[in-house]
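What follows is the residue order along each chain.
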Amino acid sequence: MTTASSPMDVSGTAKRKVLISGASISGPALAYWLHRSGCAVTVVEKAGALRAGGYPIDIRGTAIEVVRRMGILPRLRDAHIDSRRCTFLDAGGGEVVSVSPSAVAGGVEGQDLEVRRGDLAASLYALVRDDVEFLFGDSIDTLDESAHGVDVAFHSGQQRTFDLVVGADGMHSATRESLFGPEERFHRYLGYCFALFTLPNTFGLSREVVLWNTPGRAAALYAVGDSDELHAFLTFHRPEPPFDALRNPDAQRELVAKVFAGAGWEVPAMVDALRDADDLFFDTAGQIRMPHWSRGRVALVGDAAYAPSFLTGQGSSLALAGAYMLADSLATNRDHTAAFAAYERGVREFVTMNQALVDNGAATLFPTTARALEQRNARLRNLVTLPSAPARPAHSALTLPEIRL
Ligand SMILES: Cc1cc2nc3c(=O)[nH]c(=O)nc-3n(C[C@H](O)[C@H](O)[C@H](O)COP(=O)(O)OP(=O)(O)OC[C@H]3O[C@@H](n4cnc5c(N)ncnc54)[C@H](O)[C@@H]3O)c2cc1C
């Protein structure tokens, strides 16, 4: 059942009204497919505008097919970063080895894509902005489910009713919290924290990644294209999450400075730049693991439901494939309970395989002991002599159905 004011589709059936919270990757991707299958879609995003954030993300395997079916593959190929090399350094800044970036990630050269997150978000948004209602600078305050739908009170004071609500609001999803309880219940901490920020490219780097390691600490400079800006990444091992620092940027800066005190190479300059950075993003590396991704008329997609962590490099790919599968399940099943169950059945194994990458070696880029670091370096040296590293089966472990439009 839908509310009396529901618009009709061409067959005279009331259009499903769906509210999506979050306009990054999974939100706009889901909006696209739901609109195409005849839903009336609203997206609410707490940021005042589409977030530009340019750090590089990968699109691989099954997710390549999703963006192909959306018609944005050529645009994303143009946006492909195409880094030339990834150079690993030792404690003193000496070169250990230099390899092709796709070899390190187990990607398929010439097929997989690496684009700025903001470029992917902008491509997705451009596809839907004329067909989907966007509410920027707003968020959901409360959700009340009744027999006829979900009554939503927005932070702005607006009150509306939707047939379904989907949380695409990321790892720290407020939708998940309001429905399923605190994040701690579902967060699997992976033992690392990271700080991400930009700094001027005074290092002469171009289309490359340089990664410095000592046991338990890593610092990377990422030159995307020939930009005069670099993405800096400082990550470190910490057995327990630093709860005190998570909501306090000053404490985050202090913690990073303490952990990296005495480090070699350009790390002191990076720590200095971090003090002045106005775009610091600090978080723990973790995964979201939930027994179910929906309750009643509300479902979760992307990082909100199954964040795999940056260590897998698969977050955006899971977000794109998950959005497609959720839309397909809703197009196939008019009953939302059956649709959400089909979505979980269709995606669960794919998610599990990709989340398991952290247990199968993805985290070994950041070893925590001297011995593990030596072993990693030996493996990287071997990559130089191999024609190419095998693609990871998990990336393509989902075959997409034809969506019923
Ligand atoms: C440092 C780093 C490196 C990464 N590297 C890779 C990589 O190499 N490859 C890869 O595939 N992935 C990578 N990822 C992960 C990738 O960015 C995410 O997996 C992907 O963006 C998930 O998309 P999403 O749309 O589900 O969530 P998000 O991108 O987190 O988007 C959530 C959206 O919801 C909005 N929002 C949050 N709360 C609310 C609210 N209450 N109301 C309304 N809106 C809200 C946010 O503003 C945001 O726009 C990386 C992530 C990080 C942090």
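Details of the structure are given in the entry above.
So, here's what we can say about the structure. (Residues numbered from 1 in each chain as written. Predicted model: local features only at pLDDT ≥ 70, side-chain atom pairs only at ≥ 80, totals over all residues. Heavy atoms only, no water.)

**Some thoughts on the pairing of strand 1 (residues 17-21)**
Regular strands place their side chains on alternate faces of the sheet. Condition: Only protein chains enter the area calculation, which uses a 1.4 Å probe; residues under 20% of their type maximum are buried, those over 50% are exposed, and those in between are partly exposed. Only DSSP runs of H or I covering at least 4 residues are called helices, and only runs of E covering at least 2 are called strands; the numbering of each starts at the N terminus. Following DSSP output, two strands are said to pair if at least two bridges run between them.
Of all five residues making up strand 1, five are buried, and the element is well covered by its neighbours. Of the two faces of strand 1, the one lined by Lys-17, Leu-19 and Ser-21 and the one lined by Val-18 and Ile-20 are each fully buried. When strand 1 meets strand 2 (residues 40-45), the two strands line up parallel, connected through five bridges. Within strand 2, the residue paired with Leu-19 across the bridge is Thr-42.

**Examining the site of the ligand**
So the rule is basically this: By convention in these notes, a residue is near a molecule or strand provided one of its non-hydrogen atoms lies within 4 Å of it. We call two N or O atoms a polar contact when they sit within 3.5 Å, provided that within protein one can donate a hydrogen and the other can accept it, with sequence-adjacent residues counted only if both atoms are side-chain atoms. Three classes are used: nonpolar for Ala, Val, Leu, Ile, Met, Phe, Trp, Tyr, Cys and Pro, charged for Asp, Glu, Lys and Arg, and polar for all others, with Gly counted as polar.
With respect to spatial proximity, 31 residues lie near the ligand, and among them Ser-24, Glu-45, Tyr-55, Asp-303 and Ser-316 are the closest. Between Lys-46 and the ligand, the recorded distance is 3.1 Å, taken from a backbone N or O atom to a nitrogen atom. Ser-316 places a main-chain nitrogen or oxygen 2.8 Å from an oxygen atom of the ligand. For the shell around the ligand, the secondary structure elements donating two or more residues are strand 2, strand 3 (56-59), strand 12 (187-200) and helix 10 (315-332). Considering every element that reaches the shell around the ligand, the biggest residue donor is helix 10, with four residues. Residues belonging to the shell around the ligand are distributed by class as follows: 13 nonpolar, twelve polar and six charged.

**Points about the sheet that holds strand 5 (residues 95-99)**
Here is the rule: Comment: axis = line fitted to C-alpha atoms, over the contacting stretch for helices; angle = value between 0 and 180 degrees taken between N-to-C directions. Here, residues are in contact when the closest pair of their heavy atoms is within 4.5 Å.
If you walk across this open sheet you meet the seven strands as 5-4-13-14-15-12-16, and the pairing is mixed. Edge positions in the open sheet fall to strand 5 and strand 16 (281-288), since each of these has one partner strand only. Going from strand to strand, the sheet's axes swing by 20° on average, the running direction of each strand aside. Of the strands in this sheet, strand 4 (85-89), strand 5 and strand 13 (208-214) are in contact with helix 12 (residues 370-385), which crosses strand 5 at around 40°.

**Considering the pattern of salt bridges**
Which entries qualify depends on this criterion: In the sections that follow, a salt bridge refers to a side-chain nitrogen of Lys or Arg positioned within 4 Å of a carboxyl oxygen of Asp or Glu.
The full count for this structure, using the stated rule, is twelve salt bridges. The partner of Arg-60 in a salt bridge is Asp-58, with the nearest N and O atoms 3.2 Å apart. In this structure Arg-60 comes out as buried when scored by relative accessible area, which is 4%. Two residues, Arg-275 and Glu-254, come together in a salt bridge whose shortest N-O distance is 3.5 Å. Of this pair, Arg-275 sits in helix 8 (residues 267-276) while Glu-254 is found in helix 7 (residues 249-259), placing the two residues 21 residues apart along the sequence. Residues joined in a network through salt bridges with shared partners are Glu-65, Arg-68, Arg-69 and Glu-402.

**Observations regarding a negative patch on the surface**
Spelled out, the test is: Here a patch means residues that are over 30% exposed by relative accessible area and free of salt bridges, tied together within 9 Å if like-charged and within 5 Å if nonpolar (Val, Leu, Ile, Met, Phe, Trp, Tyr). Surface exposure here means Shrake-Rupley accessible area, sampled with a 1.4 Å probe, where a residue is shielded only by the protein chains that are shown. A residue counts as positive if it is Lys or Arg and as negative if it is Asp or Glu; His and the chain ends are not included. The atom standing in for a charge is NZ when the residue is Lys, CZ when it is Arg, CG when it is Asp and CD when it is Glu.
On the surface, Asp-228, Glu-229, Asp-278 and Asp-279 cluster together to form a negatively charged patch. Relative to the helices and strands, Glu-229 resides in strand 15 (residues 229-237). Here Glu-229 falls in the partly exposed class, since its relative accessible area comes to 41%.

**Observations concerning the side chain of Thr-175**
Checked against the element boundaries, Thr-175 lands in helix 6 (residues 174-180). A distance of 2.6 Å separates the side chain of Thr-175 from the side chain of Asp-169, its partner in a polar contact.

**Here we look at the packing of aromatic side chains**
We count it as follows: Aromatic rings from Phe, Tyr and Trp, with only the six-membered ring used for Trp, were paired whenever their centres fell within 6.5 Å, and each pair was classed as stacked if the ring planes differed by under 30 degrees, edge-to-face if by over 60, and tilted otherwise. Placement of a positive charge over a ring is assigned whenever Lys NZ or Arg CZ falls within 6 Å of the ring centre and within 35 degrees of the normal to the ring plane.
All told, the structure shown has 18 aromatic pairs when counted by the stated rule. When the ring of Phe-194 is compared with that of Phe-233, the centres are 5.7 Å apart and the planes differ by 35°; the resulting orientation is tilted. With Phe-194 in strand 12 and Phe-233 in strand 15, this residue pair connects regions lying 39 residues apart in the sequence. Per residue, the accessibility class of Phe-194 equals that of Phe-233, and both read buried. Put simply, the rings of Tyr-192, Phe-194, Phe-233, Phe-281, Phe-310 and Phe-366 pair up and form one aromatic cluster. When the ring centre of Trp-293 is taken as reference, the NZ or CZ atom of Arg-348 above it lies at 4.1 Å.

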